[in-house]
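One letter stands for each residue in the lines below.
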Amino acid sequence: MKLTAKLLLMFGLVGLVMLTANTYFRIEREAELFDSDMRKDAAAHALSIAHAAALVAENQGTGRAKQMVKRAEETSRHLRIRWVSLQAGAGGLETPVVPLRNLAPLFQGKVVFLNLADTDGGAGYLLTIAPLDRELPGVGRTAIEISESNDERRTFIRGTIQRAVILALMSFGAMAVVTFVVGRFLLGRPLRELVLKAGRVGLGDLSGPLRFRQRDELGTLANAMNAMCDQLSASRDQLAAETAARLSILEQLRHADRLATVGRLASGIAHEIGTPLAVVAGRGTLIVTGDATGAEAVDNARIVVEQTQRIAVIIRQLLDFARSRSTEKARLDLAVLAEKAVALLVPMAKKSGVTLIASANADTLQAEVDPGQIEQAVTNLVMNAIQATAGGGKVEVALSRGRAKPPTEHGGGEGEFIALTVSDTGSGMDDETKEHVFEPFFTTKDVGAGTGLGLAVTYGIVREHGGWVDVHSEFGRGSRFTIHLPAAEERST
């Protein structure tokens, strides 16, 4: 309705200006025609009286002529008629109401018209002076003076103005009604439906196509919007299918990386399992051969049970790590989770002669994460650090909490994040390697030593948890990978 109101106001103003101008020029024209007719009538009346007065004065004398002029005035109640002298009172006649110097055309035989104002502030009057066509003996040059009030003229103009105003108001009213109907049904309703449709599209609702009967620009716009919604719907369905396929492939990729990691862990854990297996075999042999009897046999059996349970715990950790499962986030302490991942990799670090250290500050380090996925991400980083560090080197896992601002490509504002940093004293990376380090299947290891999936999987896991990964590395001086994860809000006590 706002557009209809604007159209109504615009057309109304234009129409009002045009009607006002038309009324003004019409009144001017009517007034000119009225004045012209009024002068023609007055001139004809004055000339006829002047001719009659001249004939009567010649044949019957000036007295009879005066009486004839008097009777003419009496029969014309709205006119004042006088017989005036143009020679300063000659023949006993009155002089005109205006000075003779302003009546020069009379001496040329022309009729003079003058519009004079009333002394009482009235509408004024029209003064018409017509000369007699001859000089009279003893009187000289004379003229007939007729005064006619402009009241009739004022009444005529006032009536013309009233009729013009009424016509203008009627025209404006008709224009307003037509504009309202056109604006409401041809513009207002279609535009309102277009606005509502645009709002639904903005909210993601692409259903409900527009159906306009009109074949104008609004109809074309509605058809274009319907086509756009169809294209968006098809694109959304295609994107959903591609996203589902991508997520499926990504999950398979993570699971494959997890299995590959398990394979690489096996060599380090073999030593860890080998020791309790040797103890079990030795103690079991003593019991079987009968070398241990009585209390000693019972003690050997207890040791066999303990070592067997130790082996079961290690195998259960491997199975938990390698098992494919859906994302299930929970509020966890990242320090505890990191310690668990580090403990799993201690045998591998010892085998490589690398010192593995985990440390955390006293701040609250809780976050909403999937424990299996984050443990996988941390394990990938620590394992890469161990493999990149020569014997005698050190790998450190540190955690802290603080405010940080995500990088531009990540988006979002500054907030509370938990930083989990894995640093090593290994060989480091050059700039070209850092640019590709998170790409799937990119690896600097020897053929068969790595799949190139670990860091890519880690990057994807962290991004899905609303975080990002920073890399700082100098060739020959080690590397530092930092996982930033949104910190959970502190619970009030």
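Residues numbered from 1 in each chain as written. Predicted model: local features only at pLDDT ≥ 70, side-chain atom pairs only at ≥ 80, totals over all residues. Heavy atoms only, no water.

Some thoughts on the overall build of the chain
Here is step 1: From N to C terminus, the chain includes 9 helices and 11 strands.
Here is step 2: Looking at the chain residue by residue over its 493 residues, the buried ones come to 37%.
Here is step 3: Within the chain, contacts between residues at least 6 apart in sequence are counted, and of these 68% link residues at least 24 apart. (Helix = DSSP H or I, 4+ residues; strand = E, 2+ residues; numbered from the N terminus. Buried < 20%, exposed > 50% of the residue type's maximum accessible area, 1.4 Å probe, protein only. Contact = heavy atoms within 4.5 Å.)

Focus: the sheet that holds strand β11 (residues 479-486)
Here is step 1: Strand order in the open sheet formed by 5 strands is β6-β8-β9-β11-β10, with mixed pairing between adjacent strands. Looking at which strands have only one partner, the edges of the open sheet turn out to be β6 (355-360) and β10 (468-473). Averaged over neighbouring strand pairs, the angle between their axes works out to 20 degrees when direction is ignored.
Here is step 2: Here 7 bridges tie strand β9 (residues 415-424) to β11, and the two strands are oriented antiparallel to one another. (Pairing = 2+ DSSP bridges. Axes fitted to C-alpha atoms, helices over the stretch in contact; angles between N-to-C directions.)

Some remarks on the packing of aromatic side chains
For any two aromatic rings, the description comes down to two numbers: the centre-to-centre distance and the angle of the planes.
Here is step 1: Tallied over the full model, the rule gives 3 aromatic pairs.
Here is step 2: The interplanar angle of 15 degrees and the centroid separation of 5.0 Å between the aromatic rings of Phe34 and Phe156 together place this pair among those described as stacked. Of the two residues, Phe34 is situated in helix α1 (residues 2-60) and Phe156 in helix α3 (residues 151-202); the sequence distance between them amounts to 122 residues.
Here is step 3: Its relative accessible area of 17% is what places Phe34 among the buried residues.
Here is step 4: Using a relative accessible area of 26% as the deciding quantity, one classes Phe156 as partly exposed.
Here is step 5: Ring plane angle 70 degrees and centroid distance 4.9 Å describe the contact between Phe417 and Trp468, whose orientation is recorded as edge-to-face. Separated by 51 residues along the polypeptide, Phe417 in strand β9 and Trp468 in strand β10 bring together distant segments of the chain. Accessibility assignment for this pair places Phe417 and Trp468 in one class, buried. (Phe/Tyr/Trp six-rings, centres within 6.5 Å; stacked < 30°, edge-to-face > 60°.)

What about the sheet that holds strand β3 (residues 125-131)?
Strand pairing within a sheet occurs via backbone hydrogen bonds; the two strands may be parallel or antiparallel.
Here is step 1: Taken in spatial order, the 4 strands make up an open sheet running β1-β4-β3-β2, and their pairing is antiparallel. This sheet does not close on itself; its edge strands, each paired only once, are β1 (79-85) and β2 (112-116). For this sheet, the mean inter-axis angle between neighbouring strands, taken without regard to orientation, is 20 degrees.
Here is step 2: For β3 and strand β4 (residues 142-149), the ladder comprises 7 bridges, and the chain directions are antiparallel.

Comments concerning the confidence of the model for the chain
Here is step 1: Scored by pLDDT, the chain has a mean of 79; 85% of the residues are at 70 or more.
Here is step 2: Here helix α5 (residues 295-322) stands out as the least confident element of the chain, with mean pLDDT 70; β11 is the most confident, with 91.
Here is step 3: Long-range and interchain partners of residues 447-451, a stretch whose pLDDT sits below 50, account for 8 contacts in this model, where long-range means more than four residues apart. (pLDDT = per-residue confidence, 0-100.)

Digging into the packing of helix α6 (residues 334-352) against helix α7 (residues 371-388)
Here is step 1: Orientation of α6 relative to α7, taken along the N-to-C sense of each, is 35 degrees, at an axis distance of 9 Å. Relative to α7, α6 is oriented so that their crossing is right-handed. Of the residues in α7, those in contact with Leu334, Leu337, Lys340, Ala341, Leu345, Met348, Ala349 and Ser352 of α6 are Pro371, Ile374, Glu375, Val378, Thr379, Val382, Met383, Ile386 and Gln387.
Here is step 2: Here the contact of α6 with α7 is composed, by residue class, of 12 nonpolar, 3 polar and 2 charged. (Left-handed = near helix turned anticlockwise from the far one by under 90°. Nonpolar A, V, L, I, M, F, W, Y, C, P; charged D, E, K, R; others polar.)

With respect to α6
Here is step 1: The terminal C-alpha atoms of α6, which comprises 19 residues, lie 26 Å apart, in line with the 27 Å expected from a rise of 1.5 Å per residue.
Here is step 2: Largest kink in α6: about 45 degrees, centred on Leu345, with the proline Pro347 one to four residues after it.
Here is step 3: Looking at α6, one finds that the buried residues are Leu334, Ala335, Leu337, Ala338, Ala341, Val342, Leu344, Leu345, Pro347, Met348 and Ala349.
Here is step 4: For α6, the N-terminal capping position is held by Asp333, with its side-chain oxygen 3.0 Å away from the main-chain nitrogen of Ala335.
Here is step 5: With its phi angle positive at about 75 degrees, Gly353 sits one or two positions after the end of α6. (Expected span 1.5 Å × (residues − 1). Bend = angle between axes of the 7 residues up to and from the residue. Polar contact = N/O pair within 3.5 Å; in protein donor to acceptor, adjacent residues only side chain to side chain.)

Looking at the pattern of salt bridges
Here is step 1: Per the counting criterion, the structure on display carries 10 salt bridges.
Here is step 2: Between Lys70 and Glu73 there is a salt bridge, and its shortest N-O distance comes to 3.9 Å. A residue pair is termed a helical-turn pair when its members lie 3 or 4 positions apart in one helix, as Lys70 and Glu73 do in helix α2 (residues 62-75) at 3 residues.
Here is step 3: The salt bridge involving Glu135 is made with Arg141; its shortest N-O contact spans 3.9 Å.
Here is step 4: Linked by salt bridges that have partners in common, Arg401, Arg403, Glu414 and Glu416 make up one network. (Salt bridge = Lys/Arg side-chain N within 4 Å of Asp/Glu carboxyl O.)

With respect to a nonpolar patch on the surface
Here is step 1: A cluster of nonpolar side chains, contributed by Val177, Val178, Phe180, Val181, Val182, Phe185 and Leu186, occupies part of the molecular surface with about 580 Å² of accessible area.
Here is step 2: For Val177, the location among the structural elements is in helix α3. (Patch = residues over 30% accessible without salt bridge, like charges linked within 9 Å, V, L, I, M, F, W, Y side chains within 5 Å. Areas by Shrake-Rupley, 256 points an atom, 1.4 Å probe, with all protein chains shown as cover.)

Notes on the pairing of β3
Here is step 1: By the criterion of burial, β3 is predominantly enclosed, with 7 of the 7 residues buried.
Here is step 2: The pairing of β2 with β3 spans 5 bridges and is classified as antiparallel. Note that in β3 the partner of Phe113 across the bridge is Thr128.

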